Amino acid sequence: MKSLQHLHTFGLRASSNDLACIHSLSDAHDFVEHHNNAPFYLLGQGSNTAFIEDYEGTVVEMALKGITVSEDDSHYTLNVAAGENWHQLVIWCLQHNIRGFENLALIPGTVGAAPIQNIGAYGVEVERFIQSVQYIDYANNQLCHIANKDCAFGYRDSVFKNKLWQKVMIVGVTFSLAKSWQPVVTYGELATLSAPSAQDIFNKVVEVRQAKLPDPKRLGNAGSFFKNPIISRTALGLLQQRFPHMPYYETNIHEVKIPAGWLIEQLGFKGQQEGDIRCHPEQALVLTNLGQGTGTQLVTLARKIKQAVEQQFHIALEHEVQLIGAKGTVLL
């Protein structure tokens, strides 16, 4: 058995039958050819995954690296390998005067994971920059390209979490970033910035995220554990009769987004523990491992939170973190 504790940022004690690492496209094709009939789980940097028990299969680390850039009069086109670190890509782009990603600074994980989750922060989602995604189809071991319009992007969602879930291995992403850059500073603390540069936005996002979220290198966690739920305006109106100060964000004319952290905080979960798993005392949306936490404790606390929110607010929270059990993905 191979330890997985160092491979996911929650740091829970778990093992897998075997480990493999993808360093090249030929590695990827070879792995698919020889392992496609056996259970395996593809892992980036483990920042959105929690192994809650020993996994009965092979865990595959995506370590493909490489960034190439081309440009025309209006856009930069970046071809980025799936194993590149997302935050380091944001820094690299700013160093090369390529702007657009700065709102997405300090989001943990790899470039290959970005389209799966449609990562987003501070009013920007990565889908706006994705031109296409390259993947290997497990069914025929062929390298394929899927265009943005076919990725079914939604809030923390994509075709890779649904129709193509565990059917493909993402090996690269092509991004298109306009040279005619416009800052996005409508969300949260960014609204305090006056005529900011992309670097100013980057610096502010990093400052705010570091203040709000615990460093997983020091305290095991996977960032926001739950998604911010989207509800109808009708449901919002009914809730506001009971909770007139409930915050929300506009999404479209029919729906709004409610901060999951606010819901959890209202129910007094900040600082609550289940064994060595704790709801962070300063950020209720983050569950942490104090050192000796177990998968059972994590699931127990997460379910308590989910059930309490549903009982009080009639809102069903979805967990953003992938929970991996012995046979694969586990739902709360």
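So, here's what we can say about the structure.

Things to note about the overall build of the chain
Looking only at helices and strands, the chain features seven helices and 21 strands. The globule rule puts the C-alpha radius of gyration for 332 residues at 20 Å, and the 20 Å found for the chain is close to it. Each of the three principal axes of the chain carries a C-alpha extent, and together these read 55 × 50 × 35 Å. Out of the 332 residues in the chain, the part that is buried amounts to 51%.

Some words on the sheet that holds strand β19 (residues 286-289)
With antiparallel pairing, the four strands of this open sheet are ordered in space as β13-β19-β18-β17. The sheet is open, and its two edges are formed by β13 (220-224) and β17 (273-274), each paired on a single side. Sheet strands touched by helix α7 (residues 295-313): β17, β18 (277-279) and β19. Its angle to β18, the strand with the most contacts, is close to 25 degrees.

Remarks on the nonpolar core
Core analysis: the largest hydrophobic core is formed by 60 residues, its most contacted members being L78, W86, L89, F101, F160, M169 and F175. Considering every element that reaches this core, the biggest residue donor is strand β12 (residues 168-178), with seven residues. In this structure, F101 is in contact with W86, L89, V90, C93, F129, F175 and L177, ignoring residues within four places of it in sequence. Counting 36 residues, the second largest nonpolar core, distinct from the first, contains I52, V256, A260 and L323.

Notes on the layout of surface pockets
Each pocket or cavity is described by its volume, and for the second largest pocket that value is around 310 Å³. Forming the walls of the second largest pocket are 15 residues, and the residues nearest its centre are K161, E318, H319, Q322 and L331. Class assignment for the residues of the lining of the second largest pocket results in five nonpolar, four polar and six charged.

Quick look at unusual backbone geometry
Note on backbone geometry: most residues besides glycine have negative phi, and most peptide bonds are trans. Of note in this structure, N118 is not a glycine but carries a positive phi near 45 degrees. Here N118 lies in the loop between α3 (114-117) and β8 (120-121). At A195, a residue that is not glycine, the phi angle is positive and equals roughly 45 degrees. Counting through the fold element by element, A195 comes out in the loop between β12 and α4 (198-212). The class for A195 is exposed, based on a relative accessible area of 75%.

Basis of the calculations
- Residues numbered from 1 in each chain as written.
- Predicted model: local features only at pLDDT ≥ 70, side-chain atom pairs only at ≥ 80, totals over all residues.
- Heavy atoms only, no water.
- Helix = DSSP H or I, 4+ residues; strand = E, 2+ residues; numbered from the N terminus.
- Rg over C-alpha atoms; globule rule 2.2 N^0.38 Å.
- Buried < 20%, exposed > 50% of the residue type's maximum accessible area, 1.4 Å probe, protein only.
- Pairing = 2+ DSSP bridges.
- Contact = heavy atoms within 4.5 Å.
- Axes fitted to C-alpha atoms, helices over the stretch in contact; angles between N-to-C directions.
- Core = buried A, V, L, I, M, F, W, Y, C linked by side-chain atoms within 4.5 Å.
- 1 Å grid on protein atoms, 1.4 Å probe; cavity = no way out; pocket = protein on both sides within 12 Å on 5 of 7 lines; lining within 4 Å.
- Points joined across faces, edges and corners; volume = space filled by probe spheres on them.
- Nonpolar A, V, L, I, M, F, W, Y, C, P; charged D, E, K, R; others polar.

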